[in-house]
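A look at the structure
What follows is the residue order along each chain.
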Amino acid sequence: MLRFDDLQAKVATYMPPEADLEAISRAYVYSATLHRNRFTRKGEPALQHALEVSNILAEMRLDLRCIVAGLLPEEGGTEPTLLLAPPPVAQRSPRRRRR
């Protein structure tokens, strides 16, 4: 059975050092929350399926956005970019016109 630590270690071997590997953790926690008490037709936990999908994507050495998308539930509703985006920066006030 695949574990999250295995996935994280695999992704860390090929991602650049500046990659936000915490995005995978955030996606995993989010996915675990939504997959709680859900099972596949075969009776396996739905979260295990998501881990295996992301593992296949990691074996293909795909980017972080793809790995995160593999962890998300199939029903949709959450864009992978929401888990990858940095915290919002305070918006600047509009420029005043000079007279």
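Residues numbered from 1 in each chain as written. Predicted model: local features only at pLDDT ≥ 70, side-chain atom pairs only at ≥ 80, totals over all residues. Heavy atoms only, no water.

On to the overall build of the protein, then. Across its full length, the protein holds 5 helices and 0 strands. Listing every helix and strand of the protein by position from the N terminus yields α-α-α-α-α. The buried share among the 99 residues of the protein stands at 32%. Restricting the contact set of the protein to residue pairs at least 6 apart, pairs at least 24 apart contribute 52%. When the accessible surface of the protein is totalled, it reaches about 7700 Å², and 53% of it is carbon and sulfur. (Helix = DSSP H or I, 4+ residues; strand = E, 2+ residues; numbered from the N terminus. Buried < 20%, exposed > 50% of the residue type's maximum accessible area, 1.4 Å probe, protein only. Contact = heavy atoms within 4.5 Å. Areas by Shrake-Rupley, 256 points an atom, 1.4 Å probe, with all protein chains shown as cover.)

Below, the discussion takes up the packing of helix α1 (residues 4-12) against helix α2 (residues 22-34). Between α1 and α2, whose axes approach to 11 Å, the crossing angle comes to 155°. In terms of axis orientation, α1 runs roughly antiparallel to α2. For the element pair α1 and α2, the recorded crossing hand is right-handed. Counted together, F4, L7, Q8 and V11 of α1 and I24, S25 and Y28 of α2 form the full contact between these two elements. Partitioned by chemical class, the residues of the contact of α1 with α2 number 5 nonpolar, 2 polar and no charged. (Axes fitted to C-alpha atoms, helices over the stretch in contact; angles between N-to-C directions. Parallel < 35°, antiparallel > 145°, perpendicular 65-115°, else oblique. Left-handed = near helix turned anticlockwise from the far one by under 90°. Nonpolar A, V, L, I, M, F, W, Y, C, P; charged D, E, K, R; others polar.)

Attention now goes to the packing of aromatic side chains. Following the criterion strictly, the structure yields 1 aromatic pair and no others. Between the aromatic rings of F4 and Y28, the centroid separation amounts to 4.4 Å while the plane-to-plane angle is 25°, which identifies the pairing as stacked. With a gap of 24 residues between them, F4 in helix α1 and Y28 in helix α2 connect regions that are remote in the sequence. In this structure Y28 comes out as partly exposed when scored by relative accessible area, which is 22%. (Phe/Tyr/Trp six-rings, centres within 6.5 Å; stacked < 30°, edge-to-face > 60°.)

What follows concerns the environment of L47. Within the element layout of this structure, L47 appears in helix α3 (residues 46-59). Overall, L47 belongs to the buried group, its relative accessible area being 15%. Sequence separation of L47 and L71 is 24 residues, and the distance between their C-alpha atoms is 7.9 Å.

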